[in-house]
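# Inside the fold
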Amino acid sequence: MAEVQVQEKGGKGGKVRSKKQSTRVDMTPMVDLGFLLITFFMFTTTFSKPNVMDLGLPAKPKKDQPKPPPTEIKLSNSISILLGKDNRVFWHQQDATSLNDQTLMETTLDREGIRKVIQQAKSRAADQAKFTVIIKPTDDAVYKNFVDILDEMAITKSEQYGVTDVKPWEKAVYEKKVGGAAAPAATK
């Protein structure tokens, strides 16, 4: 609490000239209240929960269970999407023999780009119920683009999709297309 101390000063002849009062405020209760408020808000606050994207992954096979045969996906029922560097996105519906730098098409990550490509490929599919999108991020791709492609799967209602590595023959065509793997310069 606050205390008031009275001091009298005497001058010549014992007269009291003035009374000076000095005040001292005890800050202990204020500090206690501050700490009580801080702890109250710390205990009653809900911290933000991390946003997690749910991926439907297949269950791990049991030890006794035989490995299922690899699934064959027809080219007419699938589209392969390659995520490249500098936010570039490429797609194709080709096999190893017919893929080249002219058949590896480039698009963008917006609604007029990859979304339209997926919807058109799905509408041209022989069996739309089995239409599959194969996502292949390259080593140069950024995580944001991967998340954007997964969002496009939800928007286009593409329920069957998979994430896999880029095949060597696709990587060669991709590098030729982006010019990233140019042959060493010839010396004269």
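Only a predicted model underlies this, so the values are computations on that prediction, with no experimental measurement involved.

So, about the pairing of strand β4 (residues 89-92). Residues of β4 alternate between two faces, with V89 and W91 on one and F90 and H92 on the opposite face, all of them buried. Alignment of strand β3 (residues 78-83) against β4, held across four bridges, turns out to be antiparallel. Within β4, the residue paired with I81 across the bridge is W91. Counted between consecutive antiparallel strands, the loop separating β3 from β4 contains five residues, among which D86 sits at a positive phi close to 55°. Bridging between β4 and strand β5 (residues 105-107) involves three bridges; their strand directions are antiparallel. Looking at β5, one finds that W91 is bridged to M105.

Our next topic: the pattern of salt bridges. Opposite charge on two side chains allows them to pair when their charged atoms are near. Evaluated as defined, the whole model comprises six salt bridges. Here E170 and K136 are joined by a salt bridge, their closest N and O atoms 2.7 Å apart. Here the residue E170 occupies a position in helix α4 (residues 168-178), and K136 occupies one in strand β6 (residues 132-137), the gap between them amounting to 34 residues. In this pair, the class of E170 matches that of K136, namely buried. A salt bridge links D148 to K144; its shortest N-O distance comes to 2.9 Å. Taken as a pair, D148 and K144 lie in helix α3 (residues 143-155) at a separation of four residues, close to a single helical turn.

Sites flagged by UniProt as "transmembrane region" (unreviewed entry) map to residues 25-43. Along residues 25-43 the backbone is 84% helical and 5% strand, and the end-to-end C-alpha distance reaches 30 Å.

So, how was this worked out
- For every chain, the first residue of its written sequence is number 1, and the numbers climb from 1 along that sequence.
- pLDDT decides what is reported in this predicted model: residues at 70 or higher carry local features, side-chain atom pairs at 80 or more are listed and counted, and totals for whole chains, interfaces and linings draw on all residues regardless.
- Think of the side-chain values as coming from all heavy atoms in the structure, minus any hydrogens and water.
- Each residue gets one of three labels from its accessible area relative to the maximum for its type: buried under 20%, exposed over 50%, partly exposed in between, using a 1.4 Å probe on protein chains only.
- Under the scheme used here, helices are H or I runs from DSSP no shorter than 4 residues and strands are E runs no shorter than 2 residues, and both carry numbers assigned from the N terminus.
- Two strands make a pair as long as DSSP finds a minimum of two bridges between them.
- Whenever a carboxyl oxygen of Asp or Glu lies within 4 Å of a side-chain nitrogen of Lys or Arg, that contact is scored as a salt bridge.
- UniProt positions are given in the numbering used here, feature names are shortened, and annotations may be inferred rather than shown by experiment.

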